[in-house]
Amino acid sequence: MIDESVLRKLRQFDTATICNVIELFEVRRRNQGFMTREIKAAFPDLPPMVGFASTATCRTFADPPDRDLPTLPDLISRFEELSGPAAIVLQNLDTAGAAANFGDVFSNTFKAFGAVGLVTNGPGRDLEQIERIGFPVFHDGLVCAHGYMHLLDLHLPVQVGGIDVYPNDLLHGDGNGVTTIPIEIAADVADACAEYAAAEAVVIDLSQSGTASLAQMREAFAEMSSRVANLGQRLART
């Protein structure tokens, strides 16, 4: 279990900063672990989503198979297996079907049981209604009809946004996109974000001063780089 205080800290920072800090640990390649640009935030002004992946596959174009299928309550019943609040990760297997695999019914139901957001490689609908309840969703477009939407398999690895997502993976998402956070470094990532942001502020504050000279900017970039390097050396040893 990850303490709620860690999740609160992670919510204070944007996903780009989270990715910057993860890179310093050198636990994965810098081109891995985050979703591709096709997965967009429907409401980029909402605070960051931080939650644990509750995964499922679905189809929206093909007819449902002739067998018992899981329902939304079945997926919600799996939330108790997670280390914290659920972030739904829904892989639409009918990528050419162009029918919605979530809307206001799904979003309201998930939120009622503590879910903090939904991520999918499929399209959605009812965004005006979903925005009213402040429920973060990340998707690849809009469409008005749900076709033959049905769930298939629950809590197994899925592929969304170019990455594999496993049940209970820790996710962080905002207007910049969605990334996974390796759970073993989550607490240290949360603690390091403020220091990383302060290093970047050396350049940003000077840039916004309106009086920066090129010499000052060279010094500011050197200081920022030094601070980030020092932070990375400490984190790599944790």
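Here we summarise the structure given alongside this text.

Cut-offs and rules
Residues numbered from 1 in each chain as written. Predicted model: local features only at pLDDT ≥ 70, side-chain atom pairs only at ≥ 80, totals over all residues. Heavy atoms only, no water. Helix = DSSP H or I, 4+ residues; strand = E, 2+ residues; numbered from the N terminus. Contact = heavy atoms within 4.5 Å. Areas by Shrake-Rupley, 256 points an atom, 1.4 Å probe, with all protein chains shown as cover. Lys, Arg positive; Asp, Glu negative; His and termini not counted. Charge placed at Lys NZ, Arg CZ, Asp CG, Glu CD. Axes fitted to C-alpha atoms, helices over the stretch in contact; angles between N-to-C directions. Parallel < 35°, antiparallel > 145°, perpendicular 65-115°, else oblique. Left-handed = near helix turned anticlockwise from the far one by under 90°. Nonpolar A, V, L, I, M, F, W, Y, C, P; charged D, E, K, R; others polar. Expected span 1.5 Å × (residues − 1). Buried < 20%, exposed > 50% of the residue type's maximum accessible area, 1.4 Å probe, protein only. Salt bridge = Lys/Arg side-chain N within 4 Å of Asp/Glu carboxyl O.

A word on the overall build of the protein. The secondary structure content of the protein amounts to 7 helices and 10 strands. Its C-alpha atoms give the protein principal-axis dimensions of about 70 × 35 × 30 Å. Residue pairs in contact within the protein that sit at least 24 positions apart in sequence constitute 78% of those at least 6 positions apart. Of the roughly 12000 Å² of accessible surface on the protein, 51% is carried by carbon and sulfur atoms. Averaging the locations of the 18 positively and 31 negatively charged side chains of the protein gives two centres separated by 5 Å.

What follows is about the packing of helix 1 (residues 4-11) against helix 6 (residues 186-207). A packed helix pair is summarised by two numbers, namely the angle formed by the two axes and the spacing between the axes. Two elements in contact, helix 1 and helix 6, have axes whose closest approach is 9 Å; the angle formed by their N-to-C orientations is 45°. The orientation of helix 1 relative to helix 6 falls into the category oblique. Note on packing geometry: the crossing formed by helix 1 with helix 6 is left-handed. Where helix 1 abuts helix 6, its residues Val6, Lys9 and Leu10 lie against Ala186, Ala187, Val189, Ala190 and Asp191. Tallied by class, the residues present in the contact of helix 1 with helix 6 amount to 6 nonpolar, no polar and 2 charged.

Right, let's talk about helix 7 (residues 214-236) for a bit. Between its first and last C-alpha, helix 7 extends 33 Å over 23 residues, near the 33 Å set by a 1.5 Å rise per residue. Three or more residues of helix 7 are buried, namely Met217, Ala220, Met224, Val228, Leu231, Gly232 and Leu235. Those residues of helix 7 that are buried lie in contact with helix 2 (15-25) and helix 6.

Let us look at unusual backbone geometry. Located in the positive-phi region is glutamate 26, a residue other than glycine, with phi close to 55°. Counting through the fold element by element, glutamate 26 comes out in the loop between helix 2 and strand 1 (40-41). Residues other than glycine seldom take positive phi values, yet aspartate 126 does so here, at roughly 65°. Examined against the element boundaries, aspartate 126 turns out to sit in the loop between strand 4 (117-120) and helix 5 (127-132).

Moving on, we get to the pattern of salt bridges. Here the structure, examined in full by the defined rule, presents 9 salt bridges. Of the charged contacts, one joins arginine 30 and glutamate 23 as a salt bridge, the two residues approaching to 3.6 Å between their closest N and O atoms. By relative accessible area, which is 25% here, glutamate 23 ends up partly exposed. Residues glutamate 195 and arginine 234 are paired through a salt bridge, measuring 2.6 Å at the closest nitrogen-oxygen approach.

All right, on to the packing of helix 2 against helix 7 then. Relative to each other, helix 2 and helix 7 sit at 60°, their axes nearing to 7 Å. Considering the angle they form, helix 2 stands oblique to helix 7. With respect to the hand of their crossing, helix 2 and helix 7 are arranged in right-handed fashion. Contacts between helix 2 and helix 7 involve Val21, Leu24 and Phe25 from the first element and Val228, Leu231, Gly232, Leu235 and Ala236 from the second. Considering only residue class, the contact of helix 2 with helix 7 consists of 7 nonpolar, 1 polar and no charged.

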